[in-house]
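One letter stands for each residue in the lines below.
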Amino acid sequence: MPDGSLTIGFIGLGNMGAPMTARLIQAGHRVHAYDVSETARAHAVDLGAVEAATLSEAVTDADVVILMLPNSDIVDAVAGDDAFSRSLKAGALVIDMSSSEPLRTKALADVLARAGIRFIDAPVSGGVTGAVRGTLTIMLGCPPELLERVTPLLELLGRPVRVGDVGAGHAIKALNNLLSATHLWITSEAMVVGQKFGIDPEVMLSVFNSSSGRSGSTENKWPNFILTQTYASGFGLRLMLKDMKIAANLADELGVPSQLGEDAIRHWSAASESLEPTADHTEVARWIQQRAHDSTPE
């Protein structure tokens, strides 16, 4: 392997984990890949990874372990397991790139610190396209002294930005997605109203994007995934809803009112109950359009 290459244990080889693994391999790192899915592990091998049949195999001898898992329950089950800690070599660093709960992240970091393990969080934004292209925004929660160590590795995946100490990455990721979801919902309602009035949707987007109403929803989601009717952003509706709830729960735990956030969660929950479990999050726009159509008087 090239000088400076690392042995990386990568846990979680789904829609995001697989292309992230590929980029690390292309950069010359040795990746020991693990997922509960045999199919996912086989795909990682096709990308050039070394298959790990067990979690312990993935992390043994790893300089860095990256977690890309669905939620804090699974992160705790993996990283909080004594076998996980015992399998890590001295000096190994664990990076949780999942969308986890910030206060649980801090608690887990404290537990692992007592075992001599450094644990930091680095959740991402940018979807599957960003993972493939290496353009993810990486929200890094870590002590300042670790920044120099992790930056070269994370730059292979996107743009790392230190946002604070451990847990801060997961906090800002959830807050970002609460903003994103709220933007998408109100944008979709506005687009439906404008179209009902007879305004061309592309004209509306052009005006919004040169005015104060612009957002990621008007600049990206509506033109690329909704007007095209592909609804294929690569980020699931239920994952978006999960992150929204993390943000609202954090506000509640800190004693901060989040009234609009809680309202947005209720709206998204109603859409989630009506749409398929695998629905892309941009499909809420179609659901809003259909609801408006159904409520229009004959």
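Throughout what follows, the structure given in this document is the object of discussion. Chains are numbered independently. Their residues run from 1 in the order of the written sequence. Where totals are concerned, whole chains, interfaces and linings use all residues; where local detail is concerned, this predicted model gives features only for residues with pLDDT of at least 70, and gives and counts side-chain atom pairs only at 80 or more. Heavy atoms throughout the structure, all of them, feed into the side-chain values; hydrogens and water do not.

The next point concerns the packing of aromatic side chains. The geometry of an aromatic ring pair is captured by the separation of the ring centres together with the interplanar angle, meaning the angle of the planes. Classification of ring pairs rests on two measures: the distance between centres of Phe, Tyr or Trp rings, Trp counted by its six-membered ring, which must be within 6.5 Å, and the angle between planes, read as stacked under 30 degrees, edge-to-face over 60 and tilted in between. The tally for this structure, following the rule as stated, stands at two aromatic pairs. Aromatic pair tryptophan 185 and tryptophan 268: ring centres 6.1 Å apart, planes at 50°, arrangement tilted. Residue tryptophan 185 is located in helix α9 (residues 168-197), and its partner tryptophan 268 is located in helix α13 (residues 259-274); the two are separated by 83 residues in the primary sequence. The class for tryptophan 268 is buried, based on a relative accessible area of 0%. Ring centres of tryptophan 185 and tryptophan 287 lie 5.9 Å apart, and the angle between their planes is 55°; this geometry places the pair in the tilted category. With a gap of 102 residues between them, tryptophan 185 in helix α9 and tryptophan 287 in helix α14 (residues 283-295) connect regions that are remote in the sequence. Each residue in the set Trp185, Trp268 and Trp287 is aromatic and connected to the rest through ring pairs, giving one cluster. Between the NZ or CZ atom of arginine 286 and the centre of the ring of tyrosine 231, over which it lies, the distance is 4.3 Å. We count a stretch as a helix when DSSP gives it H or I for four or more residues in a row; a strand needs E for two or more, and each element gets its number in order from the N terminus. Burial classification: accessible surface area is computed with a 1.4 Å probe over protein chains only, and a residue below 20% of its type maximum counts as buried, one above 50% as exposed, and the rest as partly exposed. Distance and angle both matter: a charge sits over a ring if NZ of Lys or CZ of Arg is within 6 Å of the ring centre and within 35 degrees of the ring normal.

Our focus in this paragraph is the pattern of salt bridges. Between Lys or Arg on one side and Asp or Glu on the other, a salt bridge is scored when a side-chain nitrogen of the former is within 4 Å of a carboxyl oxygen of the latter. Tallying each qualifying case throughout the model produces 12 salt bridges. Here arginine 162 ties to aspartate 165 by a salt bridge, and the two come within 2.8 Å at their closest N and O atoms. Owing to a relative accessible area of 33%, arginine 162 belongs among the partly exposed residues under this scheme. Judged by relative accessible area, aspartate 165 falls into the partly exposed class, the value being 46%. The network of salt bridges with common partners includes Asp73, Asp76, Glu101 and Arg104.

This part takes up the packing of α9 against helix α12 (residues 237-253). Note on geometry: axes are C-alpha line fits, over the in-contact stretch for helices, and angles between N-to-C directions span 0 to 180 degrees. For the pair α9 and α12, the least separation of the axes is 8 Å and the interaxial angle reads 115°. The chirality of how α9 crosses α12 is left-handed. Between α9 and α12, the contacting residues are Ala171, Lys173, Ala174, Leu175, Asn177, Leu178, Ser180 and Ala181 on the first element and Met240, Asp243, Met244, Ile246, Ala247 and Leu250 on the second. Here the contact of α9 with α12 is composed, by residue class, of 10 nonpolar, two polar and two charged. Take the far helix as your reference; a near helix turned counterclockwise from it by less than a right angle gives a left-handed crossing, and one turned clockwise gives a right-handed crossing. Two residues form a contact once any of their heavy atoms are found within 4.5 Å. The classification used treats Ala, Val, Leu, Ile, Met, Phe, Trp, Tyr, Cys and Pro as nonpolar, Asp, Glu, Lys and Arg as charged, and all other residues, Gly among them, as polar.

The topology assignment puts serine 180 in helix α9. Classification of serine 180 as buried rests on a relative accessible area of 15%. When near neighbours in sequence (up to four residues on either side) are disregarded, serine 180 contacts Ser217, Lys221 and Met240.

Let us look at a nonpolar patch on the surface. For patch building, the residue pool is restricted to those with more than 30% relative accessible area and no salt bridge; the joining distance is 9 Å between like charges and 5 Å between nonpolar side chains (Val, Leu, Ile, Met, Phe, Trp, Tyr). Method for areas: the Shrake-Rupley scheme with a 1.4 Å probe, in which residue coverage is limited to the protein chains shown. Residues Phe197, Ile199, Val203 and Val207 make up a contiguous nonpolar surface patch of roughly 400 Å² in combined accessible area. Structurally, the position occupied by valine 203 is in helix α10 (residues 201-209). According to the relative accessible area criterion, valine 203 is partly exposed, its value standing at 46%.

In this section: unusual backbone geometry. Backbone geometry at aspartate 61 places phi at a positive 70°, although glycine is not the residue there. Within the secondary structure layout, aspartate 61 lies in the loop between α3 (55-59) and β4 (64-67). Although it is not a glycine, glutamine 229 adopts a positive phi angle of roughly 60°. Mapped onto the elements of the fold, glutamine 229 is located in the loop between α11 (216-226) and α12.

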